[in-house]
Structures are given as C-alpha cells and as structure tokens.
Amino acid sequence: MRKTKGFTLIELMIVVAIIGIIAAIAYPSYVNSMRKGRRADGQAALTDAAQSLERCFTSYGRYNDTTDCAMAATLTASGLESQQKFYLVIAAAPNLSTTAYTLTATGQGVQTKDPDCSTMTLSSTGAKTPSGCWSN
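Owing to the predicted nature of the structure, the values given are computational and were not obtained by experimental measurement.

With respect to the helices, strands and loops of the structure, Arg-39 is situated in helix H1 (residues 9–60). Accessibility expressed as a relative area gives 9% for Arg-39, which makes it buried. Once you skip the residues sitting within four places of it in the chain, Arg-39 turns out to touch Tyr-87, Gln-111, Asp-114, Asp-116, Cys-117 and Met-120.

Laid out in structure tokens, this is it:
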C-alpha cells in the first residue's frame, strides 16, 4: 500500500465552503459594527457645536450672534465637519435663533449608507433624534 501526501479535492472544497460560510456571517456584523462606531464621530461633533453655542449664549445673550460668535457663523454658512469627516453639522435657518437651536449632523461618505443614523439632531432643549443613534 502506497501512502500519498497532500489533500484531496473534496477536503479542500469543504474547507473553502466553511470559510465562505464564516465570511458570510462575519462580514455584515463587521460592517454594522464599523457603522455604529462612526456614529460617535457625529455625536461628538454635535456635542462640541452645542457647547460652543452655549458659550456664545452665555457671553452674548443669544445663540445666533454671527458677528461675535464664530461657531454660529460657521454653522450657518458652510457647516462644521466632524473630526473624522463622517458627518457635517449645520444649523441652517430657522434652526438657529436667539433663544434656541437645532443642530443637524448629516452623514458623509460611507455614513450616507447608514440606514438608521445618516442624519442625527441635537436641540437646545437636549432632545436627541433618532433616539436609537444616541444609545450605546
């Protein structure tokens, strides 16, 4: 009897099938995990912009002081890009008034494909929408 070395074609096909099944299960989970991780970039940008607007309100008595408050001017003109550039935060009129604001973070690049959180908002009352985007 002669011993052969190596793998048979069936053994290799089984290994390839197992790897394919594992990849089919793992890849969507990986993509979803990355998407959820990038949401923190938008949340941070919204929170930073809100804190700046609160400082403006404390200093100048209104949120929409575009003359003295650089953040108000930036948010109404071109918007503020998040640190990792996955979101653009804006406060287009009428969302920025003397006594209230609503900031909107809109997904850019790969975050435009986020089915749940491609757009997030934060208001001066502390309301955060959609609520599922803000829970961890």
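Past the structure itself, the notes keep going.
Moving on, we come to H1. Its 52 residues place the ends of H1 76 Å apart at the C-alpha level, agreeing with the 76 Å of an ideal helix rising 1.5 Å per residue. A positive phi of about 80° marks Gly-61, the residue just after H1.

Regular strands place side chains that alternate from one sheet face to the opposite one. The sheet contact formed by strand S2 (residues 87–90) and strand S3 (residues 102–107) spans four bridges and is antiparallel. Bridging across to S3, Ile-90 finds its partner in Thr-104. Looking at chain direction, S3 and strand S4 (residues 119–123) are connected through five bridges and run antiparallel. Paired with Thr-106 across the strands is Thr-119, a residue of S4.

The interhelical angle for the contact between H1 and helix H2 (residues 70–77), taken along N-to-C directions, is 130°, at an axis separation of 8 Å. Classified by the angle their axes make, H1 and H2 are oblique. For the pair H1 and H2, the contacting residues are Ala-49, Ser-52 and Leu-53 in the first and Met-71, Ala-72 and Leu-75 in the second. Residue classes in the contact of H1 with H2 are distributed as five nonpolar, one polar and no charged.

A few words on the sheet that holds strand S1 (residues 80–81). Read from one edge of the open sheet, five strands run S1-S2-S3-S4-S5, paired in antiparallel fashion. In this open sheet, the two strands that pair with only one neighbour each are S1 and strand S5 (128–129). When S1 meets S2, the two strands line up antiparallel, connected through two bridges. Residue pairing across strands places Glu-81 opposite Leu-88, the latter belonging to S2. Where H1 meets the sheet, it contacts S1, S2, S3 and S4, and its direction lies at approximately 25° from that of S4.

What counts as what
- Residues numbered from 1 in each chain as written.
- Predicted model: local features only at pLDDT ≥ 70, side-chain atom pairs only at ≥ 80, totals over all residues.
- Heavy atoms only, no water.
- Helix = DSSP H or I, 4+ residues; strand = E, 2+ residues; numbered from the N terminus.
- Buried < 20%, exposed > 50% of the residue type's maximum accessible area, 1.4 Å probe, protein only.
- Contact = heavy atoms within 4.5 Å.
- Expected span 1.5 Å × (residues − 1).
- Pairing = 2+ DSSP bridges.
- Axes fitted to C-alpha atoms, helices over the stretch in contact; angles between N-to-C directions.
- Parallel < 35°, antiparallel > 145°, perpendicular 65-115°, else oblique.
- Nonpolar A, V, L, I, M, F, W, Y, C, P; charged D, E, K, R; others polar.

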